[in-house]
Structures are given as structure tokens and as C-alpha cells.
Amino acid sequence: MTVEAVAALTAFQDRIIETASSFSEPEWNAPSAAPGWLVRDVISHLAVGARALIDPLPLPEDAVDPPENRERQHDMHVALRRSWTTAEVLEEFMSFAAQRLERIPAFQNEPLASNEIEIPGLGAYPMHAVANALAFDYYCHLYHDICEPGGPIYRDLPEPAHDELYPVVQWMMWGLPQMQGPELDNALFAPLTLDLTGPGAGSWTITRPDPEGGLVVAETGGGDVVVTSAASDFVSWGTRRSCWRNSCTVEGDSAAATAFLATLDIV
């Protein structure tokens, strides 16, 4: 089980609330690093996700049918809240995030923990991984989309500890074989190890045992190609928030590394 992810989720949620509570109106309405979204839209998006488990707010009857594209669906729910005050946006997030957090620890215990759930467009995961997914979402949006250096707002955020960042990396590794399908499968030309350092450190090797099958990710070393990066940087370039070339060193076949790293896009 990934009990550490619940603690990481709790810490990131507290930081989001503390940080957002300090925003001025110009900061709320500043363009975030998430394309097309203001800072207030990012918090709205987090509130939508928290509310989905408790009491989802339906789209208006005259809204277009939800598209298959996951990002466009997010846009539709965020747009519904554009007329809200920033106080209402924050209150929705605080209320429903707190209620969801009360339920998440139960997902770490059987019989729920091992039950698989399908996340449209992202793959199938055991329920205990939900805490990892949410910790990943919170970390990326707060540390990369809202606050500097990627986002528009300066706040002196604490550097995540290993136990906070490792569950984020776990989620990315669980999602890596599922989120892109053949596009990423066909970009792996040799077993590749991601050697991540600093908080969240670990070595993860990506292989394709069956040439006609998908990728397999194991927490081990031994790849023919070794890519070294700080784990915190991996969260950024692994989601295409930054360029991998600025954060990685490569040992082995650089062409094989480039083919894979240039294709990787975890969401």
C-alpha cells in the first residue's frame, strides 16, 4: 500500500489552502503556467476534482456534450465557475477537499485497496493509488503552475521532503506504461533506466519484453541507457512543463534516450 501518499496529499493540500488564502485579486487573476487558465482556474479545477467524489456540480443543460478529450472536459467545468468570486472558488476547494481527504485513508485498506478503478484516458489503477494521483495533481499545480519558477506567483514554499515527492514519482511510473499507448511503446529502442536523485529518489527501468506488447516499469536499475535527473525536475520535464535536455544526463545510446524522452508526456 502507499500510505505515505496520504501524508503527502495532506501536506500539499494544506500548502495550497495556506498559499491561496494569501493571494491578492491580481494574483488570483494572473495567467498560470497551465495553458489558457488563470490561477483562479487552477484552483477551480482542483475543487472540481475534490467535489466529484462528494457532490459533483452538473454542467448546465445547454452545455455542449462532454468531449472525449479529458483536458477539454476540465475546461468546461472550470468555465462554469468563471462568474464566481475568488472567495467562492477557494471555499469550494477547502470544503470538498477536506471531505474527500476524510475518505481517502479507507482506500489504503482491503478490500478497497486492491480494487481496480478505470480513470478515463489514463488507465486502470488499484484504489490505494488514488492518494498518489491526487498528491501528484496538487504538487504539479502548486509548485509548477501557480508558483514560481514556472508559475506567476512568488511564495516561499517548502521544498518537498522525500516522503512527499516519492508518492508523486510512484504515480508517474504507474501511469507511464498506460497513458500514451503505442506512441510511447514504439519510442523505446533499448531498456532505459531513470535514475532519479534527491528527494523522491529511486531507479526505475522501462522495458518492452514483448516487441508487440506494451511497456513494463520496474523499480530497479540495469537499463542499457541510463538517464539521471533530480526527481523534482523529472516531475517537470516528465509532464512537459520543461525540456528534459535542461535536467538530464545520459549514459549509453543518446539517440535511444532522445527518442523516448522526447515522446514521454505524463498527465
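Criteria and thresholds
Residues numbered from 1 in each chain as written. Predicted model: local features only at pLDDT ≥ 70, side-chain atom pairs only at ≥ 80, totals over all residues. Heavy atoms only, no water. Buried < 20%, exposed > 50% of the residue type's maximum accessible area, 1.4 Å probe, protein only. Helix = DSSP H or I, 4+ residues; strand = E, 2+ residues; numbered from the N terminus. Arc of directions from axis to C-beta. Polar contact = N/O pair within 3.5 Å; in protein donor to acceptor, adjacent residues only side chain to side chain. Axes fitted to C-alpha atoms, helices over the stretch in contact; angles between N-to-C directions. Left-handed = near helix turned anticlockwise from the far one by under 90°. Contact = heavy atoms within 4.5 Å. Pairing = 2+ DSSP bridges. Phe/Tyr/Trp six-rings, centres within 6.5 Å; stacked < 30°, edge-to-face > 60°.

1. With respect to helix H10 (residues 254–261)
Part 1 of the reasoning: Along H10, the positions that sit buried rather than exposed are Ala 256, Ala 257, Phe 260 and Leu 261. All buried residues of H10 fall inside an arc of 120° around its axis, so they share one side.
Part 2 of the reasoning: A side-chain oxygen of the first residue of H10 lies 3.0 Å from the backbone nitrogen of Ala 255; this N-cap is Asp 253.

2. Considerations on the packing of helix H3 (residues 39–52) against helix H5 (residues 86–103)
Helix packing for two helices is described by the angle between their axes and how far apart those axes are.
Part 1 of the reasoning: The contact between H3 and H5 brings their axes to 8 Å, and the two run at 35°. As H3 packs across H5, the resulting crossing turns out to be left-handed. Facing H3, whose interface residues are Arg 40, Ile 43, Ser 44, Leu 46, Ala 47, Gly 49, Ala 50 and Arg 51, H5 presents Thr 86, Val 89, Glu 92, Phe 93, Phe 96, Ala 97 and Arg 100.

3. Side note on the sheet that holds strand E5 (residues 216–218)
Backbone-to-backbone hydrogen bonds pair the strands of a sheet. The strands run either parallel or antiparallel.
Part 1 of the reasoning: If you trace the five strands from one edge of the open sheet to the other, you get E5-E4-E3-E6-E7, paired in mixed fashion. Two strands in the sheet have a free side with no partner beyond their single neighbour: E5 and strand E7 (249–251). If you compare each strand with its neighbour and ignore which way they point, the axes differ by 20° on average.
Part 2 of the reasoning: Of the pairings in the sheet, the one linking strand E3 (residues 192–197) to strand E4 (residues 202–207) comprises five bridges and is antiparallel in character. Across the sheet, Thr 193 pairs through a bridge with Thr 205, a residue of E4.
Part 3 of the reasoning: Across the sheet, helix H7 (residues 162–175) touches E3, E4 and E5, and the angle it forms with E4 is around 0°.
Part 4 of the reasoning: Along the sheet, H10 contacts E3, E4, strand E6 (225–230) and E7; its crossing angle with E6, the most-contacted strand, is approximately 55°.

4. Re the packing of aromatic side chains
Part 1 of the reasoning: Enumeration according to the criterion identifies eight aromatic pairs in this entry.
Part 2 of the reasoning: On the numbers, 5.1 Å between centres and 75° between planes, the contact of Phe 234 with Trp 237 is edge-to-face. Of the two residues, Phe 234 and Trp 237 are both situated in helix H9 (residues 231–237); the distance of three residues between them amounts to about one turn of the helix. An identical accessibility class is assigned to Phe 234 and Trp 237; each is buried.
Part 3 of the reasoning: Members of the aromatic cluster, connected to one another through ring pairs, are Phe 12, Tyr 139 and Tyr 143.

5. Points about the pairing of strand E2 (residues 123–126)
Strand residues, when the strand is regular, have side chains that alternate between the two faces of the sheet.
Part 1 of the reasoning: Burial of the side chains of E2 is restricted to one face: Gly 123 and Tyr 125 are buried, whereas none of Ala 124 and Pro 126 on the reverse face is.
Part 2 of the reasoning: Alignment of strand E1 (residues 116–119) against E2, held across four bridges, turns out to be antiparallel. Across the sheet, the residue bridging to Glu 118 is Ala 124, located in E2.
Part 3 of the reasoning: With antiparallel pairing between neighbouring strands as the criterion, E1 and E2 make up a hairpin whose turn holds three residues, including Gly 121 at a positive phi of roughly 85°.

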